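# Observations on chain architecture
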Number of protein chains: 2
Amino acid sequence: MKSILTAITALLFVSTTFAADPLPSWNDTPTKKAIVRFVEKVVKEGSSDYVPVSERIATFDNDGTLWVEQPMYFQFFFAVDRVKALAPQHPEWKTKEPFASLLKGDMNGALAGGEAALLDMLAATHAGMTSDDFDTIVTQWIAKAKHPKTGKPFTSMVYQPMLELLAYLRANGFKTFIVSGGGIDFMRPWTERVYGIPPEQVVGSSGGLKYEIRDGRPTTVKLSTLVHNDDKDGKPIGIQRHIGRRPIAAFGNSDGDLQMLQWTCSAPGPRFCLFVHHTDAAREYAYDRQSSVGKLDKGLDEAKAKSWTVVDMKSDWNTIYPK
Amino acid sequence: MKSILTAITALLFVSTTFAADPLPSWNDTPTKKAIVRFVEKVVKEGSSDYVPVSERIATFDNDGTLWVEQPMYFQFFFAVDRVKALAPQHPEWKTKEPFASLLKGDMNGALAGGEAALLDMLAATHAGMTSDDFDTIVTQWIAKAKHPKTGKPFTSMVYQPMLELLAYLRANGFKTFIVSGGGIDFMRPWTERVYGIPPEQVVGSSGGLKYEIRDGRPTTVKLSTLVHNDDKDGKPIGIQRHIGRRPIAAFGNSDGDLQMLQWTCSAPGPRFCLFVHHTDAAREYAYDRQSSVGKLDKGLDEAKAKSWTVVDMKSDWNTIYPK
């Protein structure tokens, strides 16, 4: 077997040595250089920064890091569409907030109830069915739904440079995970197809589940209780519970990702932490310290203090979306 | 790249065609034949039973399936040793059950308090420290602790036929997971070394976690609350939450695994469910319907009714432990 492996290694070496730039959508700036420098040093056998393959764990936030999160988290649009679809079975929603405002198209009114109203809406639209049925609902929705501004499918509004980064890390032995505040069951039906990240490598907010035999078939049924809120402090907790070891690289875009980056980059050994800074109002959106969605304030300060990498979307990326 | 891949495929084909028996510790019985038949059919491209690599998920119980669970779950011995180690800091334990009985060496007295007493003991010995510190404690304990009957390290009391089965499945593109009632943090420090299963593929019972900056360093701290009991109904729930898709093969040994096997084998497509039946009092232990540890009663009946595979340890395995 030894000689076969040697032959394979030699063949792969030849092919990677002459490979094209793995990050063509990244301009040749210090940001790109920092990424490549980090990857090259951890894969270099014999170097003091070498990291074994099994420990090459990289975690990515989703909303605003891998795909767009403006003018509102995409899962919110899903919930609104579900409220509309379910409304005929819920006549009481005509007079009950936040449903009444939503059904009248009054988003501000719906959001006036704050987090409690949002949780009511999530419970009403994300629970009560089996996990398999929810998977089907999400799959059907995401195949048809369109972004309100661009009119494109939501899964087309992923960042091409980040797709290249995911592939580049995997080609170098990294295992890539999503660690998102979004619902775990909302992401899993499409992350493998869109990002190459299988369901078992998706960490997200999750609700209670109940095992139940329905019509003679074992199922898991989604409950309306929130079991894990995978945001802020919840991100290192979700990582510890789900992955069980500290990442060596973490990628986010908001203060909701700050604890994940702290957790990742405070441990000994080579570490890489990166924030995507939305600076491109022309090609995408520009927002940071004052934004209600994807606020990046403390994170910007801490990134500067700790010399983390910050992507300036406008100057670091020559392409935003896949062609 | 195409020609390189073709060359690699050809080389690998040559090497696997002439490979030795991947399951040498399994006698040539119908059990072994059923395993091989299942694997060969799901990997055969173009066949109606073909399963893509990404869906080749196999889940394994740990206690009694991958390693011994008699005369008591090994994690219990760990907890007892922790009680002894921590006793000097807890003078109140001298008069408080189950600690008082434990410290006097009276196991029956300690267990008289039932599940509540056990949970008290787990909370006292598994919580309050950081995840990193607990990892170190487990690693140090398992390197030295010995089984009370055989005097061997616990990690030597794993089943050689199951190690071969794990490797055989992985060589055929399966991703292997542990789904155990045992504590997730108790297993993760050693499953990669012993079973080749990395921490992120271990599902188990888990307690609450808190994110905390201790001495300026971000940590997760283990709390005494039980967040997920990964047994019986908890196994399909743990699988759904952690893996996010249904396994196509599941391996257990007790009624605590029954729901995992139901969940796995009730879905359409090729499926494989197996119970290890402990029938070998001479080389290991013999127990099933009446056992307080690893009771296999309903599972035996359901395996028969549903034609699941049952390992008769005495006749199916020619070797029990690694040499």
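The structure reproduced in this document is the subject of the present report. Values in this document were obtained by computation on a predicted structure and should not be read as measured data.

### Quick look at the overall build of chain A
A tally of regular secondary structure across chain A gives 13 helices and eight strands. Taken over C-alpha atoms, the radius of gyration comes to 21 Å for chain A, in line with the 20 Å a tight globule of 323 residues would show. For the C-alpha atoms alone, the extent of chain A along its principal axes is close to 70 × 50 × 35 Å. Taken over 323 residues, chain A has a buried fraction of 54%. Intrachain contacts of chain A at a sequence separation of at least 6 include 65% that bridge at least 24 residues. When the accessible surface of chain A is totalled, it reaches about 14,100 Å², and 55% of it is carbon and sulfur. Put simply, chain A has 38 plus and 37 minus side-chain charges, and the middle of one group is 2 Å from the middle of the other.

### Some thoughts on the sheet that holds strand β4 (residues 217–228) of chain B
Residue and element names in this part refer to chain B. In spatial order, the strands read β4-β3-β2-β1-β5-β6-β7; together these seven strands make up an open sheet with mixed pairing. Edge strands, defined here as strands with exactly one partner in the open sheet, are β4 and β7 (309–312). Looking at each pair of strands side by side, their axes are set apart by 30° on average, direction ignored. Each of β1 (57–60), β2 (175–183), β5 (249–252) and β6 (272–277) touches helix α8 (residues 160–171); the most contacted strand, β1, lies at about 165° to it.

### Quick look at the pairing of strand β2 (residues 175–183) of chain A
All names here are of chain A. Burial runs high along β2: seven of the nine residues are buried. Pairing of β2 with strand β3 (residues 202–214) involves three bridges; the strand directions are parallel. Bridge assignment links I178 to a residue of β3, and that residue is V202.

### A look at the relation of the copies chain B and chain A
Mapping chain B onto chain A calls for a screw motion: a turn of 180° about the axis and a shift of 0.0 Å along it, with 0.0 Å RMSD after fitting. The symmetry that links the two subunits is that of a two-fold axis. A high fraction, 100%, of the interface residues of chain B reappear at the interface in chain A, so the copies pair face to face through one surface.

### What to know about the pattern of salt bridges
If you walk through the whole model with that rule in mind, you get 34 salt bridges over all chains. Here B:K175 makes a salt bridge to A:E200, at a shortest N to O gap of 3.0 Å. Separated into two different chains, B:K175 in strand β2 and A:E200 in the loop between α9 (184–195) and β3 make up a pair that spans both. Residue B:D132 is joined to B:R217 by a salt bridge in which the shortest nitrogen-to-oxygen separation is 3.9 Å. Of this pair, B:D132 sits in helix α7 (residues 131–144) while B:R217 sits in strand β4, and the two are 85 residues apart along the sequence.

### Details of a nonpolar patch on the surface
Residue and element names in this part refer to chain A. On the surface, L119, L122 and L226 cluster together into a nonpolar patch covering about 240 Å² of accessible area. Within the element layout of this structure, L122 appears in helix α6 (residues 114–126). By relative accessible area, L122 is classed as partly exposed at 31%.

### Digging into the pairing of strand β1 (residues 57–60) of chain A
All names here are of chain A. Burial along β1 is two-sided: the face carrying I57 and T59 and the face carrying A58 and F60 are both buried. Bridge analysis of β1 against β2 gives four bridges, and the strand direction is parallel. What sits directly across from I57, in β2, is K175. Two strands pair when backbone bridges link them, and β1 and strand β5 (residues 249–252) are joined in this way by three bridges, in the parallel orientation.

### Looking at the packing of aromatic side chains
All names here are of chain A. Taken as a whole and judged by the stated rule, the model has 42 aromatic pairs over all chains. An aromatic cluster is built from W67, F74, F76, F77, F78, F134, W141, F154, F186, W190 and Y195, whose rings are joined through pairwise contacts. The aromatic ring of Y285 is capped on one face by K149, whose charged end is 4.4 Å from the ring centroid. Sitting over the face of the ring of W263, R246 holds its NZ or CZ atom 3.7 Å from the ring centroid.

### What to know about the packing of helix α3 (residues 74–86) of chain B against helix α6 (residues 114–126) of chain B
Residue and element names in this part refer to chain B. In contact at an axis separation of 9 Å, α3 and α6 are set at 65° when each is read in the N-to-C sense. Regarding α3 and α6, the two cross each other, and that crossing is left-handed. Where α3 approaches α6, its residues Q75, F76, F78, A79, R82, V83 and L86 are matched on the opposing element by L118, M121, L122, A124, T125 and H126. The residue inventory of the contact of α3 with α6, partitioned by class, reads nine nonpolar, three polar and one charged.

### Comments concerning the interface of chain B and chain A
Chain B puts 47 residues into the contact, and the matching count from chain A is 47 residues. Between chain B and chain A the total buried area reaches about 3,800 Å² when both faces are included, carbon and sulfur atoms providing 58% of it. On inspection of chain B and its partner chain A, the count reaches eight salt bridges. Among the salt bridges present, the one from B:E200 reaches A:R245, with a minimum N-O distance of 3.3 Å. Applying the counting rule to chain B against chain A returns 21 residue pairs in polar contact (both at pLDDT 80 or more). Looking at the side of chain B that touches chain A, the elements with two or more residues in it are α1 (2–17), α7, β2, α9 (184–195), β3 (202–214), β4, α10 (234–242) and α11 (258–265) of chain B. Examining the composition of the side of chain B that touches chain A, we find that seven residues originate from one element, β3(B), more than from any other. Residue composition of the side of chain B that touches chain A, by class: 20 nonpolar, 15 polar and 12 charged.

### Quick notes on α9(B)
Residue and element names in this part refer to chain B. Counting buried positions along α9 yields nine of 12 residues, so the element is predominantly enclosed. Those residues of α9 that sit buried are I184, D185, F186, M187, R188, W190, T191, V194 and Y195. Of the residues one or two after α9, G196 is the one with positive phi, at around 75°.

### Some thoughts on the environment of A:P24
Residue and element names in this part refer to chain A. Following the sequence through the fold, P24 ends up in the loop between α1 (2–17) and α2 (30–42). Residues P24 and T319 lie 295 residues apart in sequence; the distance between their C-alpha atoms is 8.9 Å. Every residue in contact with P24, bar those within four places of it in the chain, is listed here: E164 and N318.

### Details of the packing of helix α2 (residues 30–43) of chain B against α8(B)
All names here are of chain B. Between α2 and α8, the least distance of the axes is 11 Å, while the angle of their chain directions is 15°. Here α8 runs roughly parallel to α2, going by the angle between their axes. α8 is crossed by α2, and the crossing has right-handed handedness. In this structure, α2 contributes I35, V36, V39 and E40 to the contact, and α8 contributes L165, Y168 and L169. Looking at the contact of α2 with α8 residue by residue, the class counts come to six nonpolar, no polar and one charged.

### Examining the side chain of A:E200
Given a relative accessible area of 4%, A:E200 falls into the buried group. In terms of polar contacts, A:E200 uses its side chain to reach the side chain of B:K175, at 3.0 Å. Not counting residues within four places of it along the chain, the set of residues in contact with A:E200 comprises A:F177, A:R188, A:H242, B:I57, B:K175, B:F177, B:H242, B:I243 and B:R245.

Reading the values: the criteria
Residues numbered from 1 in each chain as written. Chains lettered and ligands numbered in written order. Predicted model: local features only at pLDDT ≥ 70, side-chain atom pairs only at ≥ 80, totals over all residues. Heavy atoms only, no water. Helix = DSSP H or I, 4+ residues; strand = E, 2+ residues; numbered from the N terminus. Rg over C-alpha atoms; globule rule 2.2 N^0.38 Å. Buried < 20%, exposed > 50% of the residue type's maximum accessible area, 1.4 Å probe, protein only. Contact = heavy atoms within 4.5 Å. Areas by Shrake-Rupley, 256 points an atom, 1.4 Å probe, with all protein chains shown as cover. Lys, Arg positive; Asp, Glu negative; His and termini not counted. Charge placed at Lys NZ, Arg CZ, Asp CG, Glu CD. Pairing = 2+ DSSP bridges. Axes fitted to C-alpha atoms, helices over the stretch in contact; angles between N-to-C directions. Least-squares fit on C-alpha atoms with pLDDT ≥ 70 in both. Salt bridge = Lys/Arg side-chain N within 4 Å of Asp/Glu carboxyl O. Patch = residues over 30% accessible without salt bridge, like charges linked within 9 Å, V, L, I, M, F, W, Y side chains within 5 Å. Phe/Tyr/Trp six-rings, centres within 6.5 Å; stacked < 30°, edge-to-face > 60°. Lys NZ or Arg CZ within 6 Å of the ring centre and 35° of its normal. Left-handed = near helix turned anticlockwise from the far one by under 90°. Nonpolar A, V, L, I, M, F, W, Y, C, P; charged D, E, K, R; others polar. Buried area = accessible area lost by both parts, 1.4 Å probe. Polar contact = N/O pair within 3.5 Å; in protein donor to acceptor, adjacent residues only side chain to side chain. Parallel < 35°, antiparallel > 145°, perpendicular 65-115°, else oblique.

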